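Residues per chain are reported as follows:
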Amino acid sequence: MEENANASFEEDFEGQATHTGPKGVINDWRKFKLESEDRDSLSLSKKEILRQMSSPHRCFSKDDKDTRERFCRKMSMQEYELIHDEQEDESCLQKYRKRCMQDMHQRLSFGPKYGYLCELQNGEQFLEAIEKERKTTTVIVHIYEDGIKGCDALNNSLTCLAAEYTTVKFCKIKASNTGAGDRFSNEVLPTLLVYKGGELLSNFISISEQFNEEFFAVDVEAFLNEYGLLPERELPALGNGNTDEQDVE
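Residues numbered from 1 in each chain as written. Predicted model: local features only at pLDDT ≥ 70, side-chain atom pairs only at ≥ 80, totals over all residues. Heavy atoms only, no water.

Caption draft 1: Representation of the side chain of asparagine 155 in the model. Along the chain, asparagine 155 turns up in helix H7 (residues 151-164). For asparagine 155, the residues in contact, after removing those within four places along its chain, are Leu117, His142, Tyr144 and Lys172. (Helix = DSSP H or I, 4+ residues; strand = E, 2+ residues; numbered from the N terminus. Contact = heavy atoms within 4.5 Å.)

Shown next as structure tokens:
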């Protein structure tokens, strides 16, 4: 008889689409909680309660009327015990939040990931970094030389930004390695070039003059955002269910 109950229990969820709206989200979470439970460890009464909580609009036959009335009298306390079990429910809710965030992040994330400041060794690599990237990828190249004021600070800033904006390709190359050193004299360094789809979007020569004597990643980020050259910040990754500081409202 228990096997029949399990079969009926599983069939109730087949063919249901993901709910939308506040009530739908609650029902989706209840369904997720049920699926994450060890079904063999649940009593039939708890299975039935969870099934009804996940399918609130299910119709009862006349024969089930008495059973339904008895259930309704007990539902309030039973629901409270199931939903407010501090350890089990919090763990399940964290997993549900994590799964929802990961699903949303996958839907919103397109293209390759970088996450670091790439050193280009010669002019050929410089051209490849610009021309062989996807048309939707923004490529930011820092032309620098050792010992030039502002170059080290800009490299440090771009290293930080590369870790935050992983869909943007950040590169650096010494002016003497570009094959066009005469165009990048020390007077115009540091220079920042921004490309997309193989086309030059922006060319900032002596960019350190746009900042104070000391500048940091937040200053460079604000400057690039003024020109609309950076995408929206990415969603933070959720680690091992630790969502205390990343609650989903």
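Picking up after the structure, the text goes on.
Caption draft 2: Layout of the environment of threonine 138. Relative to the elements of secondary structure, threonine 138 occurs in strand S2 (residues 138-144). Residue threonine 138 is classed as buried on the basis of its relative accessible area, which comes to 10%. C-alpha separation for the pair threonine 138 and glutamate 199, spaced 61 residues apart in sequence, amounts to 10.0 Å. Among all residues touching threonine 138, those that are not within four sequence positions of it are Val168, Lys169, Val194, Tyr195, Lys196 and Leu229. (Buried < 20%, exposed > 50% of the residue type's maximum accessible area, 1.4 Å probe, protein only.)

Caption draft 3: Spotlight on the pairing of S2. Burial analysis of S2 places seven of its seven residues in the buried class, the great majority of the element. Across the two faces of S2 the burial is the same, with Thr138, Ile140, His142 and Tyr144 and Val139, Val141 and Ile143 all buried. In this structure, S2 lies alongside strand S4 (residues 191-196), joined through six bridges in antiparallel fashion. Looking at the pairing, threonine 138 lines up with lysine 196 of S4. Examined bridge by bridge, S2 and strand S3 (residues 169-174) share six bridges and lie parallel to one another. (Pairing = 2+ DSSP bridges.)

Caption draft 4: The arrangement of unusual backbone geometry in detail. Following leucine 189, the chain continues to proline 190 via a peptide bond in cis, the omega torsion being -5°. Mapped onto the elements, proline 190 comes out in the loop between S3 and S4. Residues other than glycine seldom take positive phi values, yet serine 206 does so here, at roughly 45°. Looking at the secondary structure, you find serine 206 in the loop between strand S5 (199-204) and helix H8 (217-226). Residue serine 206 is classed as buried on the basis of its relative accessible area, which comes to 9%.

Caption draft 5: Seen up close, the environment of leucine 193. By secondary structure assignment, the location of leucine 193 is in strand S4. You can call leucine 193 buried: its relative accessible area is 5%. The spatial distance from the C-alpha of leucine 193 to the C-alpha of phenylalanine 204 is 6.4 Å, given a sequence separation of 11 residues.

Caption draft 6: Looking closely at the nonpolar core. One finds Ile140, Leu158, Leu161, Phe170, Leu192, Val220 and Leu224 to be the most contacted residues of the largest nonpolar core, which totals 21 residues. The residues contacting leucine 224, other than those within four sequence positions of it, are Ile140, Leu161, Leu192, Leu229 and Leu230. Val139, Ile148, Ile173 and Leu193 belong to the second-largest nonpolar core, a separate cluster that totals 19 residues. (Core = buried A, V, L, I, M, F, W, Y, C linked by side-chain atoms within 4.5 Å.)

Caption draft 7: Spatial organisation of the sheet that holds S4. Taken in spatial order, the five strands of this open sheet run S1-S3-S2-S4-S5, and their pairing is mixed. Each end of this open sheet is capped by a strand with a single partner; those strands are strand S1 (117-119) and S5. If you compare each strand with its neighbour and ignore which way they point, the axes differ by 25° on average. The strands touched by H7 are S1, S2, S3 and S4; relative to S2, the strand with the most contacts, the crossing angle is about 160°. (Axes fitted to C-alpha atoms, helices over the stretch in contact; angles between N-to-C directions.)

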